[in-house]
Amino acid sequence: MFDLIIIGGGPAGYLAAERAGHAGLKTLLIEKRFIGGVCLNEGCVPSKTLLHSAKILDYAKHGNDYGVTTSGAAIDQKAVITRKNKIVRNLVAGIKGQLKASHVTVKEGFAEILGRANGQNRGMIQVKVGEEVFESAKLLIASGSEAIVPPIPGAREGLEQGYVLTNREILNLEVIPKTLVVVGGGVIGLEMASYFNSVGSKVTVVELLDKIAGPTDREISAILQKNYAQKGVTFRLSCRVTGLPQGGVEFEENGTLQRIDAERVLLSIGRRPVTTGFGLERLGVLIDKGRIVVDEKGQTSVPGVYAAGDVNGVWMLAHAAYRESEVVINNLLGKQDLVRYQAMPSVIYTNPEVGCVGETEESCTAQGIAFKVASLSMNYSGRYMAENAGGDGICKVLIDPQRQRLIGCHMIGNYASEVITTAAMLIETEMKIDDIKEFIFPHPSVSEIIREAIFKL
Amino acid sequence: MATSVIMPRQGQSVESCIIGHWHKKVGDAVAVGDDLFTYETDKAAFDEVAKVGGELLAVFFAEGDDVPCLTNVCVIGNKGEDISAWLPAGSEAAATAPGTAAQASAASRTETLPLVSADAPTQGIEVADLAISPRARHLAEKHHADLRAVVPTGPKGRVIERDVQTLIDAGRFATGAAGSNYLAETIGTGIGGRISVADIERSATMPTPVAATTQPEVYEEKHSNIRKLIAKSMSHSLSTMAQLTYNASFDATDMLAFRARLKQAKESGLAGQLGITLAEANITLNDIILYTVSRVVQHHRLCNAAFYDDKMVFFKHVNLGMAVDTPRGLMVPTLFNADQLSLADISAQAKALSAACQKGTISPDTLKDGTITVTNLGGLGIESFTPVINPPQTTILGVNCLQTAVRDVGGVAVPYPSMNLSLTCDHRAVDGAPAARFLKDLRAALENFSLLLMK
């Protein structure tokens, strides 16, 4: 008998388990594949190791811009993958250590929800792993998400035969394809396009929308696209993929059918919450549009059953999952807490990086939110200029003119992934603009751009 | 050369005044004639006007501070001048730090004072005039503590630092952008449980009666000193006296005819020919009534008296109180020795006193020592009311509006202008018959006003 059973060992699951175990709850964590989940094993973290290798290669190749000449800089893809695997192993081991330290019971295997117990433990939720059945009054579903495989002719076959890849497979490619077509120009697609472009593939991004990078600020998306076009990536926007025959991608562009050759195809059109196949229906949890419906405390429609992370379909980001699972555990422990999404940062780890938080001009206009915006070249930051030859990044800040608070910040330029946290904190704390002006930023630093932009308002 | 501004002494009985509002803050340019600050005695509010120009270099007292008369309140001079010589002994600035530090602390106090209400220009509850120590205010601002919920435990109901800390520990605080302007029942869902902008917007759209409109249906205002005094005096009056009101009307024909004649004489230049000086403004009906009361009450000593538990005090002369409606509240300046003044003098003095009350420049010494009071609501169309006596006086005369009445003259209904008088007397001092006799004499005098002037 457990106090809490958690299904899924990704960011939502393992963090919840750590917190719950640490607080003294008897906790069981069940993971069917790898502790650490997609983020740690086949997503966020491994892609960052690859992208860093590509960045070093880019610096080496373009050292001339900085007065450094090199020759013979080349990628050793096998070594890159080996390094990645080592880092992932280390991190996974670290998490397992943390879980152990928090007295969490971990079961690696497929979890199946059997429903409610009868008899002595009437009403307890029963979960089966292998031949064992576990019981608990509380259940946290952190089953995550999986790459969407569209019903396009050739998609299934391609995945089976290995020429169509998802995030899972592409991070283990030991041979760099000569041509790579990325279907879907969102965060995952762009990061992989960035990597394989740097390491020598001829990359084409095919996107259904008229812009890349999903809901990212339109101007910043355009700058990112321009940067990658200059680096040699081809973009085919407003195109619908119609078929994935071996060795190519067929798509419709302006009403005509096109085909481009592709040694490999990355499917990155989006991810879908995993809500089926493990007995969730036996608890009667409300699911809408494929997502588990939760309130701001992570409570599902069934008392005692919670959900956090990608499975709720809200943000599908690891850091959102962390916070959501923390809120679930806090409430379980009797501490009032709820998730706010107004200051959820999002980052694209391309080169240049994109960091965003809060409202965009487009989202404000769509919702009728009054705003004032200041947009500033990243070259206002001395450090940016020193380190980014020919950089054309920008930083935008949006404020609520009535309340005099920051409501959005969007930037493209390296270190944006780190700098954006500053803006997120300012938004979350709803600090007044006049108060923000009193902050001291280290000089020279890229983060100073936020201060500069605020003073431009 | 820097010059200090002292707290003026408004009348011999005034020991200290409370600073109401600072019009200027440290660093502001000051020109001769600019309003510096308002201050209140327990009877009236005044504006202190700059007598020298320059920069406001230092401010030693904050709004709400009770400052002894003749104490240095602030210093005006040239930028950078040393103000240490002017530090008053009683100010907190002097007690905590000398020199420029005092200047800085005084500056921050005055500059931060309006913060709480500045967030709430159109709605919410004013906490700006809460009695609060600078340390407590600083802490409250730092944590955006909701001072409306504070429980003062300091001396004289003052909010001190520990009260604010208690408030913070209790979790009533909001984000900077949310400010302090939220409904008391708003639940905080922002960071650390703070009240966020979203919470405010949510509570503003909640279909509760209070939140249904953007304008709250109630708002609070702390009592001014004048209001406190009026409240105390009026409730004391009604709870301790046996007062009752007698109503009677009189024929105003003669009074109106007299006023018309005066007006005509002035306009035709007749008055000038006869060497009669008439006040610039016209004699009003109220002037005529004041004059009449000052003469008639001399023969009714009970009505020109003060009643104490063990004795009555009778006055040889008539110090006539006249009720004046001002933006600050009711004020009752005194026409001293009104029985000695001519109608023209009464008219001129009454106008001057009324104007001084309106402007707030009336001397507190003029607001006391009345022996009987006249209050006139006739201009507002009142036909009858029960005036409340200003203790320890025994009598107050209420004057009502002019109406047209009719009387039977040989079987014919003849209209005539009529005015009602509402006389309240303290029955402990004045029995019904003497009160009625006073009223009867008043009516007779007013109906034959031309004759009264013969006296």
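Anyway, here's the lowdown on the structure attached to this text. (Residues numbered from 1 in each chain as written. Chains lettered and ligands numbered in written order. Predicted model: local features only at pLDDT ≥ 70, side-chain atom pairs only at ≥ 80, totals over all residues.)

## Observations regarding the packing of helix 1 (residues 11-22) of chain A against helix 9 (residues 318-332) of chain A
Residues and elements named next belong to chain A. Convention followed: Only the stretch in contact is used when fitting a helix axis, every axis being a line fitted to C-alpha atoms; angles between N-to-C directions are given from 0 to 180 degrees. Helix and strand labels come from DSSP, where a helix needs a run of H or I of at least four residues and a strand needs a run of E of at least two; each type is numbered from the N terminus. Two helices cross in a left-handed way if the nearer one is turned anticlockwise from the farther one by less than a right angle. They cross in a right-handed way if the turn is clockwise. What counts as a contact is two residues whose backbone-derived C-beta atoms lie within 7 Å of each other. As a working rule, the residues Ala, Val, Leu, Ile, Met, Phe, Trp, Tyr, Cys and Pro are called nonpolar, Asp, Glu, Lys and Arg charged, and the rest polar, with Gly in that last group.
Their axes nearest at 8 Å, the elements helix 1 and helix 9 cross at an angle of 35°. Seen along the crossing, helix 1 lies across helix 9 with a hand that is right-handed. Taking contact as the criterion, the partners of Pro11, Ala12, Leu15, Ala16, Arg19 and Ala20 in helix 1 are, on helix 9, Ala318, Ala321, Tyr322, Glu324, Ser325, Glu326, Val328, Ile329 and Leu332. Considering only residue class, the contact of helix 1 with helix 9 consists of 11 nonpolar, one polar and three charged.

## Some thoughts on the nonpolar core
Our working definition: Note on terminology: a nonpolar core is any set of buried Ala, Val, Leu, Ile, Met, Phe, Trp, Tyr and Cys residues joined through C-beta atoms within 7 Å. Each residue is classified by how many other C-beta atoms fall within 10 Å of its C-beta atom, where C-beta atoms are placed from the backbone; a count of 20 or more means buried, 12 or fewer means exposed, and values in between mean partly exposed. As annotated, the domain borders come from an automatic or database domain assignment.
Grouped together as the largest cluster of nonpolar side chains are 83 residues, with contacts concentrated most on Cys74, Leu290, Val293, Leu320 and Met322 of chain B. Here this core spans two domains, and each of domain 1 (3-112) and domain 3 (242-452) of chain B adds at least three residues to it. Those residues in contact with Val293 of chain B, other than ones at most four positions away along the chain, are Leu320, Ile372, Val374, Leu397 and Leu442 of chain B. Membership of the second largest hydrophobic core comes to 77 residues, among which are Ile348, Ile412, Ala424 and Ile436 of chain A.

## Quick look at the sheet that holds strand 6 (residues 54-59) of chain B
Strand pairing within a sheet occurs via backbone hydrogen bonds; the two strands may be parallel or antiparallel. Residue and element names in this part refer to chain B. We apply this condition: One requirement defines pairing of two strands: DSSP has to find at least two bridges between them.
Here we have four strands laid out as an open sheet, ordered 1-8-6-3, and antiparallel in their pairing. Strands with a single pairing partner mark the edges of an open sheet, and in this sheet they are strand 1 (3-6) and strand 3 (29-30). Bridging between strand 3 and strand 6 involves two bridges; their strand directions are antiparallel. If you follow Val30 over to strand 6, its bridge partner there is Gly54.

## Re the interface of chain A and chain B
Each side of the interface is counted separately: chain A has 11 residues, and chain B has 10 residues. Here the side of chain A that touches chain B is composed, by residue class, of two nonpolar, three polar and six charged.

## Points about the pairing of strand 6 of chain B
Sheet topology note: the strand 6 of chain B/strand 8 (residues 72-77) of chain B ladder contains four bridges and is antiparallel. What sits directly across from Leu56 of chain B, in strand 8 of chain B, is Ile76 of chain B.

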